[in-house]
Amino acid sequence: MQLALTVLGKSRTAYIEQLLMAINQCKCAVLEIRATDLSGMTAGYLLVEGNWNHIAKLENIFENLEKQLKIQIYKSRQDKKGENPAGLPYMIEAMTIDQSDIMLNLIAFLSTHNIHIIEIKSSRYLDSYTQMPILSTKLIITIPSDQRLLQLREEFLDFCDNLNLDAILEPIKR
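Residues numbered from 1 in each chain as written. Predicted model: local features only at pLDDT ≥ 70, side-chain atom pairs only at ≥ 80, totals over all residues. Heavy atoms only, no water.

Q: With reference to specific residues and values, describe the pairing of strand β1 (residues 2-9).
A: Bridging between β1 and strand β3 (residues 41-49) involves eight bridges; their strand directions are antiparallel. Paired with Gln2 across the strands is Glu49, a residue of β3. Here seven bridges tie β1 to strand β4 (residues 72-78), and the two strands are oriented antiparallel to one another. Across the sheet, residue Leu3 finds its bridge partner in β4, namely Arg77. (Pairing = 2+ DSSP bridges. Helix = DSSP H or I, 4+ residues; strand = E, 2+ residues; numbered from the N terminus.)

And the structure:
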């Protein structure tokens, strides 16, 4: 059985270490872990695996961990392993002057083309020369195998031109 966790707290090192110790003590294994600093807070994402009684034991100690570490834990049980969508793995890297609806438009474009988003990383910063707010985004996506790549690439470039978005769409090489 798998358990997906989202954890939010102030001290990444302290709370992640304590959370990993609890997972280990409950005889569960971490399949995936990510953590990101968000303006003084740290968001952690974990995928934990164990048999049903070990997962239940882990879930039972979350309330104490939340109080002790001053964190919030959100959990979701996964009965079976998630299936990765079939298709070609691609990456999009995009930069533009920050506009309120850029991310929404980009996600809507991908959704319209039935493109699965695996990961999004985006940040906003001030350009050191112009002091303009810049939005930098990186997405890992899966393009359905029946999608015509040349047509998709042309539509994507037109989309980017219309939004004044500098972006690349390229296959992930492993």
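We are not done yet, so read on.
Q: Could you give an account of the sheet that holds strand β5 (residues 88-97), naming the residues involved and the relevant values?
A: Read from one edge to the other, the open sheet built from four strands follows the order β6-β7-β5-β8, with strand pairing classed as antiparallel. Each end of this open sheet is capped by a strand with a single partner; those strands are β6 (116-126) and β8 (166-171). Going from strand to strand, the sheet's axes swing by 10° on average, the running direction of each strand aside. Along the sheet face, helix α4 (residues 102-112) touches β5, β6 and β7 (133-143) and points at about 15° away from the line of β7. (Axes fitted to C-alpha atoms, helices over the stretch in contact; angles between N-to-C directions. Contact = heavy atoms within 4.5 Å.)

Q: Which residues make up the nonpolar core, and what values do they have?
A: By size, the foremost hydrophobic cluster in this structure holds 20 residues, and its most contacted members are Ile141, Phe156, Phe159 and Leu165. Residue assignment for this core shows that the elements contributing at least two residues are β5, α4, β7, α5 (149-163) and β8. Of the residues forming this core, the biggest block, five residues, is contributed by α5. Not counting residues within four places of it along the chain, the set of residues in contact with Leu165 comprises Ala94, Met95, Thr96, Ile102, Phe159 and Cys160. (Core = buried A, V, L, I, M, F, W, Y, C linked by side-chain atoms within 4.5 Å. Buried < 20%, exposed > 50% of the residue type's maximum accessible area, 1.4 Å probe, protein only.)

Q: Residues and numbers for the layout of surface pockets, please.
A: Counted as a void, the second largest pocket has a volume near 300 Å³. Lining the second largest pocket are Arg34, Thr36, Asp37, Leu38, Tyr45, Ile118, Glu119, Ile120, Lys121, Ser122 and Ser123. Where the lining of the second largest pocket is concerned, the elements lending two or more residues are β2 (29-38) and β6. The residue inventory of the lining of the second largest pocket, partitioned by class, reads four nonpolar, three polar and four charged. (1 Å grid on protein atoms, 1.4 Å probe; cavity = no way out; pocket = protein on both sides within 12 Å on 5 of 7 lines; lining within 4 Å. Points joined across faces, edges and corners; volume = space filled by probe spheres on them. Nonpolar A, V, L, I, M, F, W, Y, C, P; charged D, E, K, R; others polar.)

Q: Describe the sheet that holds β2, naming the residues involved and giving the relevant values.
A: Ordered in space as β2-β3-β1-β4, the four strands form an open sheet in which the pairing is antiparallel. Of all strands in the sheet, those with a lone pairing partner are β2 and β4, marking the two edges. The sheet shows a mean angle of 10° between the axes of neighbouring strands, direction not considered. Of the strands in this sheet, β1, β3 and β4 touch helix α2 (residues 52-60), which is tilted by about 160° from β4. Its contacts with the sheet place helix α3 (residues 62-69) against β1 and β4, and it is angled at close to 155° to β4.

Q: Pulling in residues and values, what's your account of α3?
A: Within α3 the residues assigned to the buried category are Phe62, Leu65 and Leu69. Projection of α3 onto a plane perpendicular to its axis shows the buried side chains occupying an angular sector of 60°, all on one side. Residues of α3 that are exposed and point more than 90 degrees away from the buried face comprise Glu63, Asn64, Lys67 and Gln68. Looking one or two residues beyond α3, the residue adopting positive phi is Lys70, at roughly 55°. (Arc of directions from axis to C-beta.)

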